[in-house]
Amino acid sequence: MRTSAEYRADMKKMKPNLYIGGEKVGRDDPRIQPGVNVMSVTFDLAQEPDWEGLITATSSLTHKEINRFNHLPQNPYDLMQKQKMIRLATQRVGGCIQRCMGHDAINALSICTKETDDKYGTEYHRRFMDFLRNYQEKDLTSACAQTDMKGDRTKRPSEQPDPDAYVHIVDVRDDGIVVRGAKISITIPAYADEIIVVPTRALKEEDKDYAVAFAIPADWDRVRLITRPVWVRDREVIKAPFTEYGVSDSVIVFDDTFIPKERVFMCKEWDFARRLALLFADSHRHSYSGCKPAISDILCGVTALVADANNISRVDHVRQKLSEFAGGGELAYAAGVASAIYGEKTSSGTFFPNAIYANVGRRLMGENIYHEFNILTEIAGGLSVTLPFEGDFYGEETKKDLEKYIVRNPKISPEDSHRIWRLVENVGASPMGDWYKIAGVHGGGSPIMETITLNIEYDYESKKNIAKYLAGIDKELDQSKDLGIKPTFGGSLLEADTPLEK
Ligand SMILES: Cc1cc2nc3c(=O)[nH]c(=O)nc-3n(C[C@H](O)[C@H](O)[C@H](O)COP(=O)(O)OP(=O)(O)OC[C@H]3O[C@@H](n4cnc5c(N)ncnc54)[C@H](O)[C@@H]3O)c2cc1C
């Protein structure tokens, strides 16, 4: 497995194709380093003995020890370990651990390429597994570029006035394909090794040029990454882990980009676009059942700490509000566990989470996120947006004033009081905090997308049958469907020891 130092060195070797604020910059630009720091943690944890078996796994392909972010889950235990790994790693970096995007993309492609080959006799699965073997051996990272620019949202890709509104194939050659278009809001391409592209929606035959999936190195020819980094206000004196980390999202422009044949995993099989889009989205929503509870953990912790700073921890309404974090975060986590247990072994061998549980957990957290920030705001008071700048806490004429007046709870020192309020500002009232609010709603698909998935997958008829039986319309109640959720419990769930609980 790579070390974080090797990962950082590899990033610096990449060709400059990043654009930030009108400048073309290299991977050493300080504005993307907070994101590089997050990715580095995923390599560092893999070197820690306590995390063995949690952030590491045995590859189903090479049988070697690899980073779990690059592992295809083989059973419910793998999915639960992934969920737990994401929750604990997210707590470490104070937010999005980011490497799950690539994890969810490889899961989706491992399944969809096999199913496409089974129907059409194509060779995508062999190509993808060759790609994945190298990806695992080199311990690579990837962004998953699914979201297209999309143009007029009421029109299908082939109906758009601008045909480039969705990424599409403009030429098919013997040695590969040429693609054009742009993907937006894509997290991590600025500091990932690879970009994996999948379709964003269901397609019809007339949209077949938009049915395309492939992978390319992130610094590939004729690919531009127009990047927006997000981090908290720099600090001079009171350094803290939360300020080390951040994120960057990019618009990825494909400017008649050539993709070699070996890296193409879907080429016009329009009837599999929906399947691939949903496989990525549902796997990602299962990953959210790890990271969103961690965001709740962080918000809960900051709220509890600022309640201490305000000396109101024992007050009834504060206790009641703190319990709401537990109510949301743990329910979503439990949905992820259920999703793992009731997952399904696909024909590719990859074990896939149950879509219903993955979607209800993700939707709950998407709907809750502003409420959780609101609890923090209510308990913290207004100081999070009116706190004087850090420099004033150390200014010759203002230091004494602020050291005296920042203390509300006499048991907490002036420096720790300042640290608490600075964290509340960083988490609750900063570009980074806003990123988490919007990501909480739209990342992995807007709540309406989860609703649509539920309406496709959920068995309303079996519920109606219960009512018909209770009303006396039907004499028999057919319960052969086992609650309407297919149980394919894969065994081996609790056999292995769970690291970090020793
Ligand atoms: C922080 C962050 C990180 C992200 N990272 C990634 C990433 O790494 N990879 C990736 O692929 N994507 C990523 N995304 C994109 C994310 O998946 C999308 O934001 C999400 O799917 C919503 O798409 P959209 O932003 O284009 O909004 P839209 O889909 O345009 O939604 C906007 C509104 O329009 C409505 N709407 C949409 N279509 C229709 C229609 N036909 N008729 C009526 N109403 C409609 C929706 O319901 C919604 O209310 C990220 C997003 C965020 C915020």
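Calculation notes
Residues numbered from 1 in each chain as written. Predicted model: local features only at pLDDT ≥ 70, side-chain atom pairs only at ≥ 80, totals over all residues. Helix = DSSP H or I, 4+ residues; strand = E, 2+ residues; numbered from the N terminus. Rg over C-alpha atoms; globule rule 2.2 N^0.38 Å. Core = buried A, V, L, I, M, F, W, Y, C linked by C-beta atoms within 7 Å. Buried ≥ 20, exposed ≤ 12 C-beta atoms within 10 Å, placed from the backbone. Contact = placed C-beta atoms within 7 Å. Pairing = 2+ DSSP bridges. Axes fitted to C-alpha atoms, helices over the stretch in contact; angles between N-to-C directions. Expected span 1.5 Å × (residues − 1). Near = placed C-beta within 6 Å. Nonpolar A, V, L, I, M, F, W, Y, C, P; charged D, E, K, R; others polar. Parallel < 35°, antiparallel > 145°, perpendicular 65-115°, else oblique. Left-handed = near helix turned anticlockwise from the far one by under 90°.

A. Focus on the overall build of the protein. Counting secondary structure elements, the protein contains 15 helices and 14 strands. A globule of 502 residues ought to have a C-alpha radius of gyration of about 23 Å, and the protein, at 24 Å, matches this closely. The dimensions of the protein, computed from C-alpha atoms along their principal axes, are 75 × 70 × 50 Å.

B. Region of the structure containing the nonpolar core. Counting 132 residues, the largest nonpolar core has Ile195, Val198, Val212 and Leu276 as its most contacted members. Looking at which element gives the most residues to this core, the answer is helix H6 (residues 273-309), with 18 residues. For Val212, the contacting residues outside a window of four places in its chain are Val167, His168, Ile169, Val179, Val197, Pro199, Met266 and Cys267.

C. Representation of the sheet that holds strand E6 (residues 168-173). Strand order in the open sheet formed by six strands is E2-E1-E10-E11-E7-E6, and the pairing between neighbours is mixed. The outermost strands of the open sheet, each flanked by one partner alone, are strand E2 (23-25) and E6. Neighbour to neighbour, the strand axes of the sheet diverge by 25 degrees on average, direction disregarded. Note: E6 against strand E7 (residues 176-187), five bridges, orientation antiparallel. The residue of E7 that forms the bridge with Arg173 is Gly176.

D. Inspection of helix H3 (residues 76-93) at higher detail. Here H3 is 18 residues long and its end C-alpha atoms lie 26 Å apart, about the 26 Å a rise of 1.5 Å per residue gives. Across the 18 residues of H3, 15 count as buried, placing the element largely inside the fold. Just beyond H3, the residue with positive phi is Gly94, at close to 70 degrees.

E. Representation of the pairing of E7 in the model. Following E6, the chain reverses through two residues before pairing antiparallel with E7. Pairing between E7 and strand E11 (residues 247-260): nine bridges, direction antiparallel. Its bridge partner being in E11, Ile177 is matched across the sheet by Ile259.

F. Expanded view of the site of the ligand. Residues in close proximity to the ligand total 21 residues, the closest being Gln146, Thr147, Thr187, Ala439 and His442. Examining the composition of the shell around the ligand, we find that four residues originate from one element, helix H13 (residues 431-442), more than from any other. Of the residues contributing to the shell around the ligand, the split by class is nine nonpolar, nine polar and three charged.

G. Structural context of the packing of H3 against H6. Taken N-terminus to C-terminus, the directions of H3 and H6 make an angle of 30 degrees; their axes are 8 Å apart at the nearest point. Classified by the interaxial angle, the pair formed by H3 and H6 is roughly parallel. Handedness of the crossing formed by H3 with H6: right-handed. Together, Leu79, Lys82, Gln83, Lys84, Ile86, Arg87, Thr90 and Gln91 of H3 and His286, Ser287, Ser289, Gly290, Cys291, Pro293, Ala294, Ile295, Asp297 and Ile298 of H6 make up the contact between the two elements. Of the residues that constitute the contact of H3 with H6, the class distribution is seven nonpolar, seven polar and four charged.

H. The environment of Asp174, seen in detail. Checked against the element boundaries, Asp174 lands in the loop between E6 and E7. Counting along the chain gives 248 residues from Asp174 to Arg422, while the straight-line C-alpha distance between them is 58 Å.

I. Quick look at the sheet that holds strand E9 (residues 212-217). In spatial order, the strands read E5-E8-E9-E12; together these four strands make up an open sheet with mixed pairing. The open sheet is flanked by strand E5 (142-145) and strand E12 (264-267), the only strands paired with a single partner. When the angles between neighbouring strand axes are averaged without regard to direction, this sheet yields 20 degrees. Relative to E5, helix H4 (residues 100-120) is tilted by about 60 degrees, and along the sheet it contacts E5, strand E8 (194-197), E9 and E12.

J. Quick peek at unusual backbone geometry. Positive phi, normally seen in glycine, also occurs at Ile188, with a value near 75 degrees. Here Ile188 is to be found in the loop between E7 and E8. Take Ile188: there are 27 C-beta atoms within 10 Å of it, and that puts it in the buried class. Notably, Asp256 is not glycine yet its phi reads approximately 50 degrees, a positive angle. For Asp256, the position within the fold is in strand E11.

K. Summary view of the pairing of E8. Here E8 shows no split at all, with Glu194 and Ile196 on one side and Ile195 and Val197 on the other all buried. Bridge count for E5 against E8 is four bridges, and the pairing is parallel. Bridge pairing links Ala145 to Val197 in E8. One ladder, built from four bridges, connects E8 with E9; its direction is antiparallel.

L. A look at the environment of Gly151. Examined against the element boundaries, Gly151 turns out to sit in the loop between E5 and E6. As a C-alpha pair, Gly151 and Ala326 span 175 residues in sequence and 40 Å in three-dimensional space. Sequence-distant contacts of Gly151, that is, excluding residues within four places in its chain, are made with Gln160, Asp162 and Ala165.

M. Here's a closer look at the packing of H3 against helix H7 (residues 316-341). Between H3 and H7, the least distance of the axes is 8 Å, while the angle of their chain directions is 155 degrees. Taken together, the axis directions place H3 and H7 in an arrangement best described as roughly antiparallel. Considering only the axes of H3 and H7, their crossing is right-handed. Note on element contacts: H7 touches H3 through Gly336, Val337, Ala340 and Ile341, opposite Pro76, Leu79, Met80 and Gln83. Within the contact of H3 with H7, the residues separate by chemical class into six nonpolar, two polar and no charged.

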